[in-house]
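Fold and geometry: a report
Residue strings, one per chain:
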Amino acid sequence: MPLMGSLYVGSSGLQTSQNALNTTAHNLTNTETTGYVRQQVQQSTKSYMTLSIDVKSVNNKQTGLGVTYSRVKHIRDFFLDKAYRRESGRSMFYQVSSEVMEEVESQLGEMNGEAFQATLTDFWTAIQELAKDPASSVTQGLLVQRAAEFIQKAEAVYDGFCSYQNNLNAQVKDQVDKINSYGKQLTALNQAIRAIEAGGIESANDMRDARDQILDELSKMADIDFGEDMHGDVWVKLEGMDFVKGDSYYEIGLDVDDSTGFYTPFWFQNATYRTLPNGTREYIIEGAEVFNLNKEISSDLNTDIGGLKAILLARGDHRANYTDVADPEKYQKVSQSVLMNIQAEFDQLIHNVATKVNEILAGAAGVKTGYIEVTDANGNTSLKKVNYCLADSNGYMRKDDGSPIQMFGKVSSEGYEKVTLAGPIRDENGNPLLDGNGNQVVPGGTECWVYIEENSADPDADPLGLYTIKNLQVDAELMQKPSMLGFRLEDGSEDKATAEALKDAFLEESYSLNPNVKKKASFVDYYDDLVAQVANSGYAFRSIFVNQENTVESIYSAKEQVAGVSSDEELSNMIKFQNAYNASSRYINVVDQMLEHLLNTLGV
């Protein structure tokens, strides 16, 4: 090789070693940077200079020009990335579910001394004391007071559930906004990476790290699939639909329920809309929802992935009440929602207590059940179930106006209404009720106290017409005059039978949490079962979450072994590249000295 040409070899060594040192320093600088992937130097020989071509020889006569810094490898493992993102998404699903169960336990107050159990027990104790001395104004006053506390505390617990639903709903918006921002960032990074790498010389590894970090975060929110196309652009499918593709991303919209304010994420591109007179669009999102919440939650089906999905499932789509748990078909729609399930089961307890107490007091007041014919606005007649009693006197267990006493009334409507019947009281087949002599028991024209209860099984029934927690109150007049209960029959004797009936009602094992539970329980045991169900579910979610955390950590450790920066390894590389740099520098000095010697010695 010509002596001058030898300088190329030395300079290439200097340049390559310097670049390698820069890369090593870059790795060391970012040892603690989240999402950073170590960069590995790859060196290769420069192109050879051909001196002569001899077809008879094995090789042509060539001389090398040194070494080149060919590329910086981005050390990642696609399969570990895919496994990490899948399992971290599953871990986040169970983390959210576990946190929701902890909040439900907190709302019930069983762990912090403000337990609803104490309020229920106090009410039960007041009934027991009443059974001992039913005619005492003290025990009657205590019963009414405990009933009011029972409703007040129940409403506070239910409001806590609703408030937490609102909290989760706000998180839905935050999560969707963050997902949309990630989509925008990914498309910007795709464009920047493509621009840098278009020449095929430089690699945008730091930008790729930023892009991969976004994918890691995105995988915790929803189930994603991802890959890289031939241009270096990353594509992302979210819940099976295109989210990021090349230079564009598909924004997720939020539909707001008018009655609850709950958000439902949907795909703009899959929804239809109509333009309102004010110029705004009203979207019809049926079939365009991002998440299918009707699928069974299962690891085998990969339907338990993503924190946002867990939030939506836990929140539910409405404020549940006892009607959601009374009907098996309706219950299937709320059973997967932690909050709706507990709302419905808790409301069912309060509903059963209130209606059972009212039923016993109504029986003492002489209230019976029958049917009357009613005519709607279109002239159609139908049978309506009613509770009724004759308005012939004030009677026993009645108010001053003669209406039956209801311990628990509805906030939205009055109790019994005094009416003159247009027709007779009938049986369920529409036939007038007859006595043994064939006479109508309650003929038309009779003045009665009538109470029409809404049919909870009717899908069109107004929730404000039902005995739900949000529509219950202790009768205001009874609160002022608890002695109206009396518990003395017309002959002056104590009505121990009614007091004992109230006591027996609390001991009667006739209630189950939901259609899937066969065990029957009393009121007190029902609440214990509800708390146990919450505790068991919370324990199950926490156990799965802990196991998932271990899985994620093991995958992350494997990932770090491949992609993580080892300071010891980088320091070793730094010494190696520094020595190579020194060797190249010494090589150039030697060549320089030789040139100088030749020129000084042989020059003229």
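This report concerns the structure included in the present document. Being a predicted model, the structure only gives us computed values, none of them experimental.

Calculation criteria
- Residues numbered from 1 in each chain as written.
- Predicted model: local features only at pLDDT ≥ 70, side-chain atom pairs only at ≥ 80, totals over all residues.
- Heavy atoms only, no water.
- 1 Å grid on protein atoms, 1.4 Å probe; cavity = no way out; pocket = protein on both sides within 12 Å on 5 of 7 lines; lining within 4 Å.
- Points joined across faces, edges and corners; volume = space filled by probe spheres on them.
- Helix = DSSP H or I, 4+ residues; strand = E, 2+ residues; numbered from the N terminus.
- Nonpolar A, V, L, I, M, F, W, Y, C, P; charged D, E, K, R; others polar.
- Pairing = 2+ DSSP bridges.
- Buried < 20%, exposed > 50% of the residue type's maximum accessible area, 1.4 Å probe, protein only.
- Phe/Tyr/Trp six-rings, centres within 6.5 Å; stacked < 30°, edge-to-face > 60°.
- Lys NZ or Arg CZ within 6 Å of the ring centre and 35° of its normal.

Notes on empty space enclosed by the protein
Rolling a probe over the atoms, with the probe sized like a water molecule, indicates the empty space that remains. One pass over the full model with this rule turns up two cavities of 30 Å³ or more. Empty space within the largest cavity amounts to approximately 60 Å³. What lines the largest cavity is simply Lys82, Arg85, Arg86, Ser219, Ala222, Asp223, Ile224, Asp225, Phe226 and Ile305. Where the lining of the largest cavity is concerned, the elements lending two or more residues are α2 (78-108) and β5 (224-228). In terms of residue class, the lining of the largest cavity is built from four nonpolar, one polar and five charged. With three residues, the single largest contributor to the lining of the second largest cavity is helix α12 (residues 523-563). Residues belonging to the lining of the second largest cavity are distributed by class as follows: four nonpolar, no polar and four charged.

What to know about the sheet that holds β5
Strands sit in the order β5-β6-β7-β8 across an open sheet of four strands; the sheet is antiparallel. Where the open sheet ends on each side, the last strands, each with one partner, are β5 and β8 (248-249). The pairing of strand β7 (residues 241-245) with β8 spans two bridges and is antiparallel. Counted as the bridge partner of valine 244 is tyrosine 249 from β8.

Describing the pairing of strand β6 (residues 234-238)
It is a general feature of regular strands that their side chains alternate between the two faces of the sheet. Only one face of β6 is covered, namely the face carrying Val234, Val236 and Leu238; the face carrying Trp235 and Lys237 is uncovered. Inspection of the sheet shows β5 paired to β6 by five bridges, in the antiparallel sense. The partner of isoleucine 224 across the bridge, within β6, is leucine 238. Connecting β5 to the next strand, β6, in antiparallel fashion are five residues, including glycine 232 with a positive phi near 90°. Pairing analysis gives three bridges linking β6 to β7, with the strands arranged antiparallel. Each bridged residue has a counterpart across the sheet, and for lysine 237 the counterpart in β7 is aspartate 242.

Observations regarding the packing of aromatic side chains
Counted according to the given criterion, the structure contains 23 aromatic pairs. Plain terms: the ring middles of phenylalanine 123 and phenylalanine 408 are 6.2 Å apart, the flat faces sit at 90° to each other, and that makes the pair edge-to-face. One end of the pair, phenylalanine 123, is in helix α3 (residues 116-132); the other, phenylalanine 408, is in strand β15 (residues 408-410), with 285 residues separating them in the sequence. The ring of phenylalanine 226 has arginine 85 lying over it, and the distance from NZ or CZ to the ring centre is 4.6 Å. We note lysine 559 situated over the ring of tyrosine 84; from NZ or CZ to the ring centre the distance is 4.4 Å.

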